[in-house]
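Fold and contact review
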Amino acid sequence: MALLSDEQIAQMLQKTPLWKRIGKEITRTVHFNNFREAMAFAVHVGLLAEKMNHHPYIAIHYKTVVLTLTTHSEGGLTEKDFEMARQIDSII
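Residues numbered from 1 in each chain as written. Predicted model: local features only at pLDDT ≥ 70, side-chain atom pairs only at ≥ 80, totals over all residues. Heavy atoms only, no water.

Let us now look at the side chain of aspartate 81. The residue aspartate 81 is located in helix H3 (residues 79-91) in this model. Buried charge without a partner: aspartate 81 forms no salt bridge, and the closest opposite charge is lysine 80, 8.2 Å away. Of note is the side chain of aspartate 81, whose polar atom sits 2.7 Å from the side chain of histidine 54. (Helix = DSSP H or I, 4+ residues; strand = E, 2+ residues; numbered from the N terminus. Buried < 20%, exposed > 50% of the residue type's maximum accessible area, 1.4 Å probe, protein only. Lys, Arg positive; Asp, Glu negative; His and termini not counted. Salt bridge = Lys/Arg side-chain N within 4 Å of Asp/Glu carboxyl O. Polar contact = N/O pair within 3.5 Å; in protein donor to acceptor, adjacent residues only side chain to side chain.)

Here is the structure:
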């Protein structure tokens with residue numbers, strides 16, 4: 001899978017406005033009502049990641065989950081990252 005250009009990334013971010021670019025990654029922070037909801041969401045993302053064979057960084061801070069996506073094998077952002085972001089958005 002090919003790396004996206006800065007222009008392509010900007011276009012993809014318009015379709016995933018809750019995600020922010022930080023260098024070679026995109027990230028999103030999601031807040032929940034309690035730790036249990038945050039953990040359930042993280043598990044759901046983990047199952048999705050296995051299905052898509054694309055694994056985000058997941059950080060859980062009590063009621064907050066921070067997700068970070070990049071395509072490690074390509075050394076930056078690809079369409080795979082944005083597809084995963086859209087899939088994650090659909091389960092929130």
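Let us keep going from here.
As enumerated under the stated definition, the model contains 1 aromatic pair in all. On the basis of an interplanar angle of 40° and a centroid distance of 5.1 Å, the ring pair of phenylalanine 32 and phenylalanine 41 is categorised as tilted. In terms of burial, phenylalanine 32 and phenylalanine 41 fall into one category: buried. (Phe/Tyr/Trp six-rings, centres within 6.5 Å; stacked < 30°, edge-to-face > 60°.)

Extensive coverage of strand E4 (residues 64-69) is indicated by the burial of 5 of its 6 residues. Alignment of strand E2 (residues 25-31) against E4, held across 6 bridges, turns out to be antiparallel. Bridged to threonine 27 within E4 is threonine 68. Sheet analysis places strand E3 (residues 57-61) next to E4, joined by 5 bridges and oriented antiparallel. Opposite histidine 61, over in E4, you have threonine 64 as the bridge partner. The loop that links E3 with its antiparallel partner E4 comprises 2 residues; one of these, tyrosine 62, has a positive phi angle of about 55°. (Pairing = 2+ DSSP bridges.)

So, about a nonpolar patch on the surface. Side chains of Phe35, Met39, Ile58, Ile60 and Tyr62 sit close together on the surface and give an oily, nonpolar patch of about 450 Å² of accessible area. For the nonpolar patch, the secondary-structure elements that each account for two or more residues are helix H2 (35-52) and E3. With respect to the helices, strands and loops of the structure, phenylalanine 35 is situated in helix H2. The class for phenylalanine 35 is partly exposed, based on a relative accessible area of 40%. (Patch = residues over 30% accessible without salt bridge, like charges linked within 9 Å, V, L, I, M, F, W, Y side chains within 5 Å. Areas by Shrake-Rupley, 256 points an atom, 1.4 Å probe, with all protein chains shown as cover.)

What follows deals with H3. Because each turn of an α-helix spans 3.6 residues, side chains separated by three or four positions end up pointing in the same direction. Under the 1.5 Å per step criterion, the end-to-end length of H3 is 19 Å for 13 residues, consistent within 8% with the ideal 18 Å. Burial in H3 covers these residues: Asp81, Phe82, Met84, Ala85 and Ile88. For H3, the buried positions fall inside an angular range of 155° around the axis, keeping them on one side. Turning to H3, the residues buried within the fold contact helix H1 (6-15), E2, H2 and E4. (Expected span 1.5 Å × (residues − 1). Arc of directions from axis to C-beta. Contact = heavy atoms within 4.5 Å.)

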